[in-house]
Amino acid sequence: SFILKSLLSNKPQRILERPLYILSQQPIDPQAEQEIIDSIGEVYFSNDSFDMVQHELEKLPPELNLQELEDYRDKLKRQQAAVSKRVADLILEKQPSYVKELERVTALQTNLQLAAVICTNARRQLNVAKAGFTEASLGLLANQRRRQLLTGLLKSLRTIKTLVGELNSKLQDTLEQIEEQLDVALSKTCKHFDVLHYTKVQMAYTLLGKTQTAMDQLHMHFTQAIHNTVFQVVLGYVELCAGNADTKFQKMQYKDLCTHITLDSYIPCLMDLCKALWEVMLSYHRTMQWHEEQDKQETTPPPGHNMTHLCKKKSDYCLNKANAPILTNTTLNVIRLVGKYIQMMNILKPIAFDVIHCVSQLFDYYLYAVYTFFGRNDMYESSGLGLISSRLRTTLNRIQESLIDMNAGVHAPTEDRKEKVPSPHLSHLVVLTNSETLYGLAQRVVATESLAFLAELFESLQSHLDAMMPAAKKPFLQQFYSQTVSTASELRKPIYWVVAAKAIDYEQMLLMMAGVKWDIREIMSQHNIYVDVLLKEFEQFNKRLGEVSRHVRIPLPVSNVLWEHCIRLANRTLVEGYANVKKCSNEGRALMQLDFQQFLMKLEKLTDLRPIPDKEFVETYIKAYYLTENDMEQFIKNHREYSMKQLANLVNVCLGSHINKRARQKLLAAIDDIDRPKR
């Protein structure tokens, strides 16, 4: 009915809003179809507000019959089919305009869908661009802010660096002032010892980590206190006896000053000297008591009084001193063995000699091993420094011949090898070729100083061992001490010379000196560049020495030997460089003196070693350039410490054209005569 109403009212668009499945129900007979349509009540075409369902329900009879209901349902279906058929026909009649409209609607729908896709993509791209632009902008802003923060941080760090530098400088100055004040306070204890005062001073040095410095300074202050005390006492009596205000006595040496004491004032002066020195010695005694008390508090004395405990007690006592010895496990093991051997000798006295003989072999092997590892070098003979004494060389040769099996692994008669041991071998973990570690200086110090300590321990045991030895065998013990134990400290020179020979680039200095022009005609006020290069080498050596000392304490004797070797080699290199000069004027000789004085002045700031080794060796050689012919001949005879080449250079360059060929040949012959016995 709705469809018919739509058609009758020329509103076909309302039909499109209903499902199209009704079009498939088409009656076959047109007449029957028309009759069915005519049978539809007029009420169904009335208006849109007509409720068809309610109408049909109201038409139902009170009493329902199933068959009647089914028949009525079939009638409604036929009416529906007829209407659908008629609607379809109407649609077909109007198809061209409908299809055109439908196509237009479809095209419009497609365009709308495309427009929707385009809009969606545009929105997506816009969001991406917006996000990218936003992120980039935020990134730029963040980077700019970070840059500003970092710039401010950099300025702050630079400020802090400057402040730290200034603070470090001020702290260093403060530290130096503290050390100076501590040194003054320490010096006061030499005459008037006060326990509280001295304890505070030692505590301050301990906090600074300079207990060794305190001990060294204390020794110096006591020496100075003794000298000043006796000098002032004697000076007072001398001035009193002289009876005038002559001040020449102030500049005299103490020995010369004592000659002015009269017989009348001798006894009073001596008494005052004793009183003054008693005060110093009392302070010294109290100082020693203080350190012994400290050691007792830090260590527990070992029980017993036998020599084993004596050895251990001495070792433990020394370990707690400010100047503690440097020991290795090998040294401690040897000390333990010696203690056990001495116990054995106490119990079995008939074998005392055999035990001491074995102990001496143990020490011999230790000494030979340290020399083999760290001291053997083929350049000793050419150095001319006398590094190995004849006594030490004899000892090393004796040990090698009597104790070392140089043919280990080779078949040899058993009798010849029964008391020999293989030659020692250094572990591959010990590196002695690294310049940064000063060619294994730490290992060299530990090995050498532990041997020196062991030798000192043997020295302290000499009287006890001598008491155990049979009278007939005592010469053996005396020979062991005089030829072996006493030579242990002599190993320092060859062992540390190896370090000194490599630590400074002496060859570079020779090459630079060779490029200097010495035949100049005017006095120079500026020294040559090779002096600065050499001093930088020494500064680098001093720096590396300090770095090594952070890991292993460098005892003062070791430091002195190292500096002595380095300075000696440098000075001898200077002389060798001057001996290579082909032409030299008086102004050039003055320049040599200027260079050497500059070197000495800067060197004395790097080391406390005094006097500077071989200083006269260089100065004498430079001054020899000014000698006459007669003086040169005497110089050649008196100074055999210079090589033949160095002396010949003095003759050829110094005298040069000032002497004739015959005089020159005479001087060269004198040099040859000096050198001949050495060949």
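Residues numbered from 1 in each chain as written. Predicted model: local features only at pLDDT ≥ 70, side-chain atom pairs only at ≥ 80, totals over all residues. Heavy atoms only, no water.

> I'd love a proper account of the overall build of the protein chain, names of residues and values included.
Regarding its fold elements, the protein chain presents 26 helices and 2 strands. Residue burial in the protein chain is summarised as follows: out of 679 residues, 35% are buried. For the protein chain, contacts bridging at least 24 residues in sequence account for 73% of all contacts bridging at least 6. (Helix = DSSP H or I, 4+ residues; strand = E, 2+ residues; numbered from the N terminus. Buried < 20%, exposed > 50% of the residue type's maximum accessible area, 1.4 Å probe, protein only. Contact = heavy atoms within 4.5 Å.)

> Which residues make up the environment of lysine 583, and what values do they have?
Here lysine 583 shows up in the loop between helix 21 (556-579) and helix 22 (586-606). The spacing of lysine 583 and tryptophan 518 is 65 residues in sequence and 6.5 Å in space, taken between C-alpha atoms. Residues contacting lysine 583, with those up to four places away along its chain left out, are Trp518, Asp519 and Val653.

> Describe the packing of helix 12 (residues 352-374) against helix 16 (residues 441-468), listing the residues and the values that go with them.
Axis separation between helix 12 and helix 16 bottoms out at 11 Å; the angle between their running directions is 160°. One way to sum up the angle between helix 12 and helix 16 is to call them roughly antiparallel. Between helix 12 and helix 16 lies a crossing whose hand is left-handed. Of helix 16, the residues touching helix 12 (which contributes Ala352, Ile356, Val359, Phe363, Tyr366, Leu367, Val370 and Phe374) are Gln443, Arg444, Ala447, Thr448, Ser450, Leu451, Leu454, Ala455, Phe458, Leu465 and Met468. Here the contact of helix 12 with helix 16 is built from residues that sort into 15 nonpolar, 3 polar and 1 charged. (Axes fitted to C-alpha atoms, helices over the stretch in contact; angles between N-to-C directions. Parallel < 35°, antiparallel > 145°, perpendicular 65-115°, else oblique. Left-handed = near helix turned anticlockwise from the far one by under 90°. Nonpolar A, V, L, I, M, F, W, Y, C, P; charged D, E, K, R; others polar.)

> I'd like to hear about helix 18 (residues 492-503), residue by residue, with values.
With 12 residues, helix 18 ought to run about 16 Å at 1.5 Å a step, and its terminal C-alpha atoms sit 16 Å apart, in line with that. In terms of burial, helix 18 is a largely internal element, 9 of the 12 residues being buried. Among the residues making up helix 18, those that are buried are Arg492, Pro494, Ile495, Tyr496, Trp497, Val498, Val499, Ala500 and Ala503. (Expected span 1.5 Å × (residues − 1).)

> So, the pattern of salt bridges: which residues are in play, and what are the values?
In total, this model carries 13 salt bridges according to the counting rule given. For glutamate 436, the salt bridge identified is with arginine 544, shortest N-O distance 3.4 Å. Of this pair, glutamate 436 sits in the loop between strand 2 (421-422) and helix 16 while arginine 544 is found in helix 20 (residues 529-551), placing the two residues 108 residues apart along the sequence. Glutamate 576 is the salt-bridge partner of lysine 645, the closest N and O atoms lying 2.8 Å from each other. Remark: glutamate 576 occurs in helix 21 and lysine 645 occurs in helix 25 (residues 644-655); sequence separation between them is 69 residues. With relative accessibility at 22%, the residue glutamate 576 sits in the partly exposed group. (Salt bridge = Lys/Arg side-chain N within 4 Å of Asp/Glu carboxyl O.)

> Give a detailed account of unusual backbone geometry, specifying residues and quantitative values.
Residue proline 611 follows arginine 610 across a cis peptide bond; omega there is -5°. Phi is positive for aspartate 614, close to 60°, though the residue is something other than glycine. A relative accessible area of 12% places aspartate 614 in the buried class.

> Explain the nonpolar core to me, using residue names and the numbers behind them.
With 114 residues, the main nonpolar core has Phe363, Leu441, Phe538, Tyr578 and Phe599 as its most contacted residues. Among the elements that make up this core, the one with the highest residue count is helix 16 (13 residues). Among all residues touching phenylalanine 538, those that are not within four sequence positions of it are Ile504, Trp563, Cys566, Ile567, Ala570, Phe599, Leu603 and Leu606. By size, the runner-up hydrophobic cluster in this structure holds 14 residues, among which are Ala214, Leu218, Ala225 and Val280. (Core = buried A, V, L, I, M, F, W, Y, C linked by side-chain atoms within 4.5 Å.)

> Got a sec to walk through the side chain of glutamine 598? Specific residues and values, please.
In this structure, glutamine 598 sits in helix 22. Glutamine 598 sits in the buried class, given a relative accessible area of 15%. The contact partners of glutamine 598, leaving out residues within four places of it in the chain, are His527, Val531 and Leu535.

> Lay out the packing of helix 18 against helix 21 in plain terms, naming residues and giving numbers.
Running from N to C, helix 18 and helix 21 point in directions that differ by 55°, and their axes come no closer than 9 Å. One way to sum up the angle between helix 18 and helix 21 is to call them oblique. Pair helix 18 / helix 21 crosses with right-handed handedness. Within the contact between the two elements, helix 18 uses Arg492, Lys493, Tyr496, Trp497, Val499, Ala500 and Ala501 and helix 21 uses Pro557, Val558, Val561, Leu562, His565, Cys566 and Leu569. Of the residues that constitute the contact of helix 18 with helix 21, the class distribution is 11 nonpolar, 1 polar and 2 charged.

> Could you give me a rundown of a nonpolar patch on the surface, with the residues and numbers involved?
On the surface, Val53, Leu57, Leu60, Leu64 and Leu69 cluster together into a nonpolar patch covering about 440 Å² of accessible area. Within the secondary structure, valine 53 is located in helix 3 (residues 52-59). (Patch = residues over 30% accessible without salt bridge, like charges linked within 9 Å, V, L, I, M, F, W, Y side chains within 5 Å. Areas by Shrake-Rupley, 256 points an atom, 1.4 Å probe, with all protein chains shown as cover.)

> Which residues make up helix 2 (residues 30-38), and what values do they have?
Residues of helix 2 that are buried: Glu33, Ile36 and Ile37. Taken down its axis, helix 2 places every buried residue within 100° of arc, on the same side. Opposite the buried face of helix 2, at more than 90 degrees from it, the exposed residues are Gln31 and Asp38. (Arc of directions from axis to C-beta.)

> An account of the state of the cysteines is needed here, citing residue identities and associated values.
Here the structure, examined in full by the defined rule, presents 0 disulfides. No disulfide involves cysteine 269; its sulfur sits 7.2 Å from the nearest other cysteine sulfur, which is in cysteine 258. (Disulfide = S-S within 2.5 Å.)

> Residue-level account of the confidence of the model for the protein chain, with values.
Close inspection of predicted coordinates is inappropriate for parts of the model with low pLDDT. On average, residues of the protein chain score 82 in pLDDT, and 86% of them reach the 70 mark or higher. Ranking the elements of the protein chain by mean pLDDT puts helix 10 (residues 307-319) last with 40 and helix 21 first with 94. Contacts from residues 1-27, a stretch scored under 50 in pLDDT, to residues over four places away or in other chains number 44 contacts. Note on residues 300-321: pLDDT under 50 across the span, and 34 contacts to partners over four residues away in sequence or across chains. (pLDDT = per-residue confidence, 0-100.)

> How would you sum up the packing of aromatic side chains? Please name residues and give values.
A complete count under the given rule lists 18 aromatic pairs for this structure. Centre to centre, the rings of phenylalanine 458 and phenylalanine 480 are 6.1 Å apart; their planes meet at 70°, and the pair counts as edge-to-face. In this pair, phenylalanine 458 is assigned in helix 16 and phenylalanine 480 in helix 17 (residues 474-483), connecting sequence segments 22 residues apart. Phenylalanine 480 carries the same exposure label as phenylalanine 458, and that label is buried. Pairing phenylalanine 596 with phenylalanine 599 gives two aromatic rings, centres 6.4 Å apart and planes at 35°, and the pair type is tilted. Taken together, the residues phenylalanine 596 and phenylalanine 599, both in helix 22 and 3 residues apart, mark about one turn of the helix. Phenylalanine 599 matches phenylalanine 596 in its accessibility class, with the two residues each being buried. (Phe/Tyr/Trp six-rings, centres within 6.5 Å; stacked < 30°, edge-to-face > 60°.)

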